[in-house]
Amino acid sequence: MPFVRIDAAGTDKLEALGNAVHDAMVETLGIPADDRFQVLNGQATLKYDDYLGIHRDEGIVFVAITMRHGRTDVQKKSLYRRIAELAEEYAGTEPRNVLVTITENGPVDWSIGNGEAQYA
C-alpha cells in the first residue's frame, strides 16, 4: 500500500501526474490497480537548483512515495525511469524535472482505516 504525495506548481497537470505515478507503480512494483492513496498538491512553493548538473525549471515535480520495505534496487530504478517516462507522456513534464524519493517502513507502520494495523 504505497502512499504518494505529489507537489507541483499549478493544478492543471496534477491528475495526469497522479495517474503516471500510479501506473508506473502498478507496472514496475506489481501493486494492485485499486491500491491508490495519493495527495496531490498544486499550492506548494517549490524551491530547487541545478544539483548534480540537472537543470530544473518551474515545471519541477516532487514525488514522495512511502511504502513497505521489500522492493529491490532494480525495481526502484525501474520505477524512477517509468515515472519519468509516464510523467512526460501524460502531463508533458520533462524527465529532468521529476524528483522522486522513496521512504520505506514495516507492516506495523500502517493503519488503512478503522484504527487497526491491518498488515501487523
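Everything discussed here concerns the structure shown above.
Residues numbered from 1 in each chain as written. Predicted model: local features only at pLDDT ≥ 70, side-chain atom pairs only at ≥ 80, totals over all residues. Heavy atoms only, no water.

Asker: Tell me about the overall build of the chain, and please be specific about residues and values.
Answerer: When helices and strands are tallied, the chain shows 2 helices and 4 strands. Secondary structure elements in the chain, listed N-terminal to C-terminal, are β-α-β-β-α-β. Overall size of the chain, expressed as C-alpha extent along the three principal axes, is 40 × 30 × 25 Å. By sequence separation, contacts in the chain at least 24 residues apart represent 72% of the contacts at least 6 residues apart. (Helix = DSSP H or I, 4+ residues; strand = E, 2+ residues; numbered from the N terminus. Contact = heavy atoms within 4.5 Å.)

Asker: So what about the packing of aromatic side chains? Which residues, and what values?
Answerer: The geometry of an aromatic ring pair comes down to the distance between the two centres and the angle between the two planes. Enumeration over the complete set of coordinates arrives at 0 aromatic pairs. Against the face of Tyr119 rests Arg68, its NZ or CZ located 4.1 Å from the ring centre. (Phe/Tyr/Trp six-rings, centres within 6.5 Å; stacked < 30°, edge-to-face > 60°. Lys NZ or Arg CZ within 6 Å of the ring centre and 35° of its normal.)

Asker: Outline the layout of surface pockets, listing residues and values.
Answerer: In this structure, the largest pocket occupies an estimated 170 Å³ of space. The wall of the largest pocket is formed by Tyr48, Asp49, Tyr51, Leu52, Ile54, Arg56, Ile60, Phe62, Pro95, Arg96, Val98 and Leu99. Looking at the lining of the largest pocket residue by residue, the classes come out as 9 nonpolar, no polar and 3 charged. (1 Å grid on protein atoms, 1.4 Å probe; cavity = no way out; pocket = protein on both sides within 12 Å on 5 of 7 lines; lining within 4 Å. Points joined across faces, edges and corners; volume = space filled by probe spheres on them. Nonpolar A, V, L, I, M, F, W, Y, C, P; charged D, E, K, R; others polar.)

Asker: Provide a residue-level description of the pairing of strand S1 (residues 3-8), including the pertinent values.
Answerer: Where S1 lies against strand S3 (residues 61-68), 6 bridges are found, and the strand directions are antiparallel. The residue of S3 that forms the bridge with Ile6 is Val63. Where S1 and strand S2 (residues 38-41) come together, 4 bridges link them in parallel fashion. From the neighbouring strand, Arg5 faces S2, where its bridge partner is Val39. With helix H1 (residues 14-29) bridging S1 and its parallel neighbour S2, the resulting β-α-β unit is right-handed. (Pairing = 2+ DSSP bridges. Right-handed = clockwise from strand over helix to strand, strands pointing away.)

Asker: Talk me through unusual backbone geometry; I want residue IDs and the actual numbers.
Answerer: With a phi angle near 60°, Leu52 is a residue other than glycine that sits in the positive phi range. Here Leu52 lies in the loop between S2 and S3. Located in the positive-phi region is Asn114, a residue other than glycine, with phi close to 65°.

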